[in-house]
Amino acid sequence: MSDTPSAPPARPTTGPLLPGRLLADRYRLERHLASGGMAEVWSAVDTVLDREVAVKVLLPGLAGDEAFRARFEREARASARLSHPSIVAVYDVVHDGDVAAIVLELVRGETLRRRLDDGGPLPPREVVRIGAAVADALDVAHRAGIVHRDVKPANILLTPDGGVKVTDFGIAKATSELELTVAGTVLGTAKYVAPEQVLGRDVDARTDVYSLAAVLYEAACGRAPFVADTALTTAGLRLHEDPAPPLELRPGLPPGLSATLLAGLARRPEDRPPTAAAFARALRDPDSTAVVRPAPAPPPPAPAPPPGPPGHVPTGPAPVATGSRRGPLVAMALVVVAVGVVLVLLGRTAAGRWIGDRLDGSSGDVPGAPLTPARVDELDPPPGDGAEHPERVRNLVDGDEATTWATETYRSRDLGGRKAGVGIVLVLDRAAELERLDVRSPTGGWSFEVFVADGPSDDLGSWGDPVAERSGVDGDASVDLEGRRGAAVLLWITDLGDGEPDARVEIAELVLLGR
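Trainee: I keep staring at the sheet that holds strand 5 (residues 90–96) and nothing clicks. Help me out?
Mentor: Strands belonging to one sheet form pairs held by backbone hydrogen bonds; the direction of such a pair is parallel or antiparallel. If you walk across this open sheet you meet the 6 strands as 1-2-3-4-6-5, and the pairing is antiparallel. Because the sheet does not close on itself, it has two edges, and the strands there are strand 1 (22–23) and strand 5. Looking at chain direction, strand 5 and strand 6 (residues 99–105) are connected through 6 bridges and run antiparallel. Pairing of V94 across the sheet is with A101, part of strand 6. Taken strand by strand, helix 2 (residues 66–79) contacts strand 4 (51–58), strand 5 and strand 6, and its axis lies near 160° from that of strand 5.

Trainee: Would you mind going over the packing of helix 8 (residues 205–221) against helix 12 (residues 276–284) with me for this structure?
Mentor: Helix-helix packing is described using two parameters, namely the angle between the two axes and the distance between the axes. Packing of helix 8 against helix 12 brings their axes to within 10 Å, and their N-to-C directions diverge by 30°. Between helix 8 and helix 12, the interaxial angle falls into the category roughly parallel. Along this stretch, helix 8 crosses helix 12, giving a crossing that reads as right-handed. Contact with helix 8, carried on its side by V209, L212, A213 and L216, involves A276, F279 and L283 of helix 12 and no other residues of that element.

Trainee: What is the right way to read the packing of aromatic side chains from this model?
Mentor: The description of two aromatic rings rests on the distance between their centres and on the angle between their planes. As enumerated under the stated definition, the model contains 1 aromatic pair in all. Aromatic side chains W446 and F448 sit 4.9 Å apart centroid to centroid with 40° between the ring planes, which places their arrangement in the tilted category. Here W446 matches F448 in class, with each residue buried. Lying over the aromatic face of Y91, R51 brings its terminal NZ or CZ to 3.8 Å of the ring centre.

Trainee: Would you explain unusual backbone geometry in this entry?
Mentor: What is expected of a backbone is that most residues other than glycine have negative phi and most peptide bonds are trans. Looking along the chain, the bond that leaves P382 and enters P383 is cis, with omega of 10°. Not every positive phi belongs to a glycine, and D25 is a case in point at roughly 55°. Note on placement: D25 falls in the loop between strand 1 and strand 2 (27–35). Judged by its relative accessible area of 53%, D25 is exposed. In this model, L415 sits at a positive phi of 60°, which is unusual for a non-glycine residue. With respect to the helices, strands and loops of the structure, L415 is situated in the loop between strand 12 (405–406) and strand 13 (422–440).

What counts and how
Residues numbered from 1 in each chain as written. Predicted model: local features only at pLDDT ≥ 70, side-chain atom pairs only at ≥ 80, totals over all residues. Heavy atoms only, no water. Pairing = 2+ DSSP bridges. Helix = DSSP H or I, 4+ residues; strand = E, 2+ residues; numbered from the N terminus. Contact = heavy atoms within 4.5 Å. Axes fitted to C-alpha atoms, helices over the stretch in contact; angles between N-to-C directions. Parallel < 35°, antiparallel > 145°, perpendicular 65-115°, else oblique. Left-handed = near helix turned anticlockwise from the far one by under 90°. Phe/Tyr/Trp six-rings, centres within 6.5 Å; stacked < 30°, edge-to-face > 60°. Buried < 20%, exposed > 50% of the residue type's maximum accessible area, 1.4 Å probe, protein only. Lys NZ or Arg CZ within 6 Å of the ring centre and 35° of its normal.

In structure tokens, the structure reads:
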């Protein structure tokens, strides 16, 4: 028997996945965790960084499709750029022999699907807490141009310390381009898919808002908004029907939460909250967690007085019929009025448009409805050439934060030292009382001024004094327009922020509120 040690066996690159298999010379599979319609998930050890990870391995039929694998890897790499406490981090993309996989943060806990299956409906405050955290995560993805497309309880992870994590960002985009007939693939999403997905239309941030509202509806009520015998029928119901109000299924649910969920489940995208951030703010509104307690039971009726002698006519005030139907009817009417007020504040106007947030600082006033500009222009006076990116200005008011407008790129944050600023003008078809301008932007450290006028002008001097100024803005901003009346609003950018030597400001959305 030779003393020479034998060579280690060759590392397998094909065949079934088994514990101990090393992927890409780095990730050692430890334990099989779950299987789904497109992948199976393993816990593994990153032998380079000595940390536990999760490895999501594509099923062989998908991994063997070169076009799909390329899309899958592209979307996974895009998702890896997302960073938020409620987003499961993507660490790596692996292609090893017959295996295609992504390496993810390993999250300890359970899925929301398991929580609902085991425990039934959640308390309203828990619905709000989980929903707002998921909406925050979705908003970060939307700002990066990624629509999740498959928000469902199985993709929401709950940690033992109360954390909420969303996984599978962008992966559904890859699968949407492939005809998948794997059992359970459609069934798993039919309860939460938005109407525009059923119809094969374009999707945007509002698509994820719908799916999240459907998930929270189930979490609050114990059943999904639409349920039928088949996945196809379930998906199709939402095209022609509205869900039952959550208050009907779970009496005592906060009316504000019920109204917010119904707004998120509007069949038309334009009738939903315009962004995941707006949906999160509506969820966090105190009316979404303040449970309306049922009215106390009326006291028992007073005993009837003993009958008097024959021919006696009682005197004094008539007895009050405390046991009559009037008391419950009055209490019910008050509850209906309260629910109606909340629906107006948190839901939609008579025209069906989303009102927006109520939490706009210290004031408790409800802002007016979003105003749709008749025109969006750029303002780039001399020595500017008159335009920055005019072909993209409509992106500022299209309700889709995945589409953006940007200034030209300058060598320094002061616009190369050549001009005082550049601007965007929102022009209304009639004058209105302007209450607030919400600016959604991924740019950090930038500055701007806001002007209001009776009409637009190419001359900055004719706009008068600014209504508000903001310096060193870290991304988004909300500006109080103080009820100024006007038909034109100018956002004048004076500092391009922290991007030197390639400085520019990018804006995803401008939302003008008024009456």
